[in-house]
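Spelled out from the first residue to the last, the chains are:
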Amino acid sequence: MGSETQTKLPLIDFSKIYLQKSTPADWDSAKTQVHHALTEYGFFRASMAGMSPEFRTSLFGSLDQLFDLPLETKLKSISDKPFHGYIGHSPTMPLYESMAVPDAPVAGEVEAFTDFFWPHGNPLFRESIRNISDKLYWLDRAVRKMVMESLGLEKYSDDHMDSTKHLLRVAKYKGPDTDESIMGLTSHIDKTTLSILYQNDVAGLELQTKNGEWIRVEQSPDSFTVFVGEVFHAWSNGQLHAPYHRVMMTGNEARYSLGLFSVPKPGYITKVPDELVTKEQPLLFNPFDYDEFLKHLFTGKIGANEDALDTYCGAKESELTTYSKS
C-alpha cells in the first residue's frame, strides 16, 4: 500500500551553480548539504534552472511517441549487456517498460538511438533527449565532485570522472486504473555509482530511509532525484548510504521517467581509497571490476539480491574476486 511519511526529502538548490552565477560560498553550502544527504539518507532532490513548461511538454511528449511505437519495433532494441535494451511486459512488473540510450552524454549516441527508431528523423525527440541528457550529465559530475571534496579526496576526482561511463534509461509506468497502490517497480538498490531521475508530474517513486520509512517523492517541475548506488557505497567504504527504492502506482495516468546511471568503465578496478580505511572503519569491500560483478550477477553465480556486491567482494566473506584484501 502507499506509505507516505512525515519525513521530507532533502532539497538542494543547484540553479546558481548551473547558471555559473554562484560564489565559492554557494558551492560550499551545496557541497555540505550533499554530503549530509548522501551519508544520512542516500538521496536528495536537486532543483535546477531551465526546466520550462515548454521543455517538459516537448520531453514527455517525445517519450509518449517512443513508447507508443508498436511492440515489435520496441523489441528490436536488444542487447546482451545488462540493463541495456528493451524491458517490458513482465508478468512480475506488468505496468513497467523501459529502453536504454547507452553513453547518452557522448556525441552522436542520442542521434544514433533516434535514427534507429525513426530512420527519417525525429528532431523533437532527438533535441529533447539531448537536452535532458546534458542536464543530467552536468548534475552527475557536480554531485560526484562535491562528494570527493567533502571527503577530502579531491586527488581522486580526475581518475573517478575519467573512469566513469553513463547509461540513460527512459521508462513508462502505465496507470493501473485503480485507487489501490500497485507495484510498478519492485524494491531494490541500484547497481550503480550514482543515479539521477527526472519524471513527469505523476507520483510513484518512493525511497526508504535508514529507519525503514518509505518517502513518497514530491513532484516538482524543476527537481531531480539523486541517490547513491551500490558502487559508490562500496567505494566510500560504507560512508555513502545506498537506499532501497520502488515505484508504487495508482490511478489511470502514465508515469514517465528518465534516469542517468553512472557506472565504472569496463576493466576499471574500483578500490576503496586508503584514506577511508581506519581501525574504527575497517575495509568493507575488496577491489572489484564492475563488469565482472555484473557477469556473476546475471549468470546466477551470485544471487540477484540487494547485498549482491557484498556477496561478491565483501572484505569479510567474498572469495569470488582474486584481488588481495590489503
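The model shown is predicted, which means the values in this text are computed figures rather than measured ones.

What should I look at first to understand the overall build of the protein in this one?
Within the protein, the regular secondary structure consists of 10 helices and 14 strands. For the protein, the spread of C-alpha atoms along the three principal axes comes to 55 × 50 × 40 Å. In the protein, which comprises 326 residues, the proportion classed as buried is 52%. In the protein, 77% of the contacts between residues at least 6 apart in sequence involve partners at least 24 apart. In the structure as shown, the protein presents an accessible area of about 15,000 Å², 51% of it carried by carbon and sulfur atoms. Each charge class in the protein can be summarised by its mean position, and for the 32 positive and 45 negative side chains these summaries are 2 Å apart.

Looking at this structure, I do not really get the sheet that holds strand 3 (residues 87-88). What am I missing?
Within a sheet, neighbouring strands are paired by backbone hydrogen bonds and run either parallel or antiparallel to one another. If you trace the 8 strands from one edge of the open sheet to the other, you get 1-2-10-7-12-5-4-3, paired in mixed fashion. Edge strands, defined here as strands with exactly one partner in the open sheet, are strand 1 (11-13) and strand 3. Across 3 bridges, strand 1 lies against strand 2 (residues 43-47) in parallel orientation. Note on strand 2: the bridge partner recorded for I12 is A46. The strands touched by helix 3 (residues 53-67) are strand 4 (96-102), strand 5 (164-173), strand 7 (194-199) and strand 12 (255-264); relative to strand 12, the strand with the most contacts, the crossing angle is about 90°.

Just checking my understanding: could you explain helix 5 (residues 109-117) for this structure?
At 3.6 residues per turn, the α-helix brings residues three or four places apart onto the same side. Turning to helix 5, its buried residues number three or more, namely V110, F113, T114 and F117. Along the axis of helix 5, the buried positions cluster into a sector of 100°, meaning they face one direction only. The inward-facing, buried residues of helix 5 abut helix 3, helix 4 (71-74), strand 4 and helix 6 (123-150).

For this particular structure, what's the right way to read the pattern of salt bridges?
A side chain of one charge can pair with a side chain of the opposite charge if their charged atoms are brought near each other. Throughout the structure, instances matching the rule amount to 15 salt bridges. A salt bridge links E218 to K8; the nearest nitrogen and oxygen atoms lie 3.0 Å apart. Placement of the pair is E218 in the loop between strand 9 (214-216) and strand 10 (223-228) and K8 in the segment before strand 1, with a sequence separation of 210 residues. Residue classification places E218 among the partly exposed positions, given a relative accessible area of 41%. Here K8 falls in the exposed class, since its relative accessible area comes to 58%.

I tried to follow the environment of R169 on my own but got confused; where do I start?
With respect to the helices, strands and loops of the structure, R169 is situated in strand 5. Once the C-alpha coordinates of R169 and S257 are considered, the two residues, 88 residues apart in sequence, prove to be 8.3 Å apart. Sequence-distant contacts of R169, defined by excluding residues within four places in its chain, comprise F83, H84, G85, I87, Y96, S98, M99, A100, S257, L258, G259 and F261. A polar atom in the side chain of R169 sits 3.0 Å from the backbone oxygen of G85. Within the local environment of R169, its side chain forms a polar contact with the side chain of S98, the two groups lying 2.6 Å apart.

Explain the sheet that holds strand 11 (residues 245-251) to me, please; I cannot follow it from the model alone.
Read across the open sheet, the 4 strands follow the order 6-11-8-9; overall the sheet is antiparallel. Edge positions in the open sheet fall to strand 6 (178-188) and strand 9, since each of these has one partner strand only. Strand-to-strand twist in this sheet, taken as the mean axis angle between neighbours without regard to direction, amounts to 30°. In this sheet, strand 11 lies alongside strand 8 (residues 205-208) in antiparallel orientation, the contact comprising 3 bridges. Note on strand 11: the bridge partner recorded for E206 is R246.

Which parts of the structure should I look at to understand the side chain of T39?
Examined against the element boundaries, T39 turns out to sit in helix 2 (residues 24-40). There is a polar contact of 2.7 Å between the side chain of T39 and the backbone oxygen of H35. Apart from the residues lying within four places of it in its own chain, the contact partners of T39 are K210, Q239, L240 and H241.

Help me out: how do you make sense of the side chain of S77 in this one?
Examined against the element boundaries, S77 turns out to sit in the loop between helix 4 and strand 3. S77 gets classed as buried once you look at its relative accessible area, which sits at 10%. Not counting residues up to four positions away in its chain, the partners in contact with S77 are G85, Y86, M99, F116 and F117.

Help me understand the UniProt feature "domain: Fe2OG dioxygenase" (unreviewed entry) in the protein in this model?
Taking the numbering used here, the UniProt-annotated feature "domain: Fe2OG dioxygenase" (unreviewed entry) corresponds to residues 164-264. Between the end C-alpha atoms of residues 164-264 there is a gap of 5 Å, over a span that is 6% helix and 56% strand.

Conventions adopted
- Residues numbered from 1 in each chain as written.
- Predicted model: local features only at pLDDT ≥ 70, side-chain atom pairs only at ≥ 80, totals over all residues.
- Heavy atoms only, no water.
- Helix = DSSP H or I, 4+ residues; strand = E, 2+ residues; numbered from the N terminus.
- Buried < 20%, exposed > 50% of the residue type's maximum accessible area, 1.4 Å probe, protein only.
- Contact = heavy atoms within 4.5 Å.
- Areas by Shrake-Rupley, 256 points an atom, 1.4 Å probe, with all protein chains shown as cover.
- Lys, Arg positive; Asp, Glu negative; His and termini not counted.
- Charge placed at Lys NZ, Arg CZ, Asp CG, Glu CD.
- Pairing = 2+ DSSP bridges.
- Axes fitted to C-alpha atoms, helices over the stretch in contact; angles between N-to-C directions.
- Arc of directions from axis to C-beta.
- Salt bridge = Lys/Arg side-chain N within 4 Å of Asp/Glu carboxyl O.
- Polar contact = N/O pair within 3.5 Å; in protein donor to acceptor, adjacent residues only side chain to side chain.
- UniProt positions renumbered as here; feature names shortened; annotations may be inferred.

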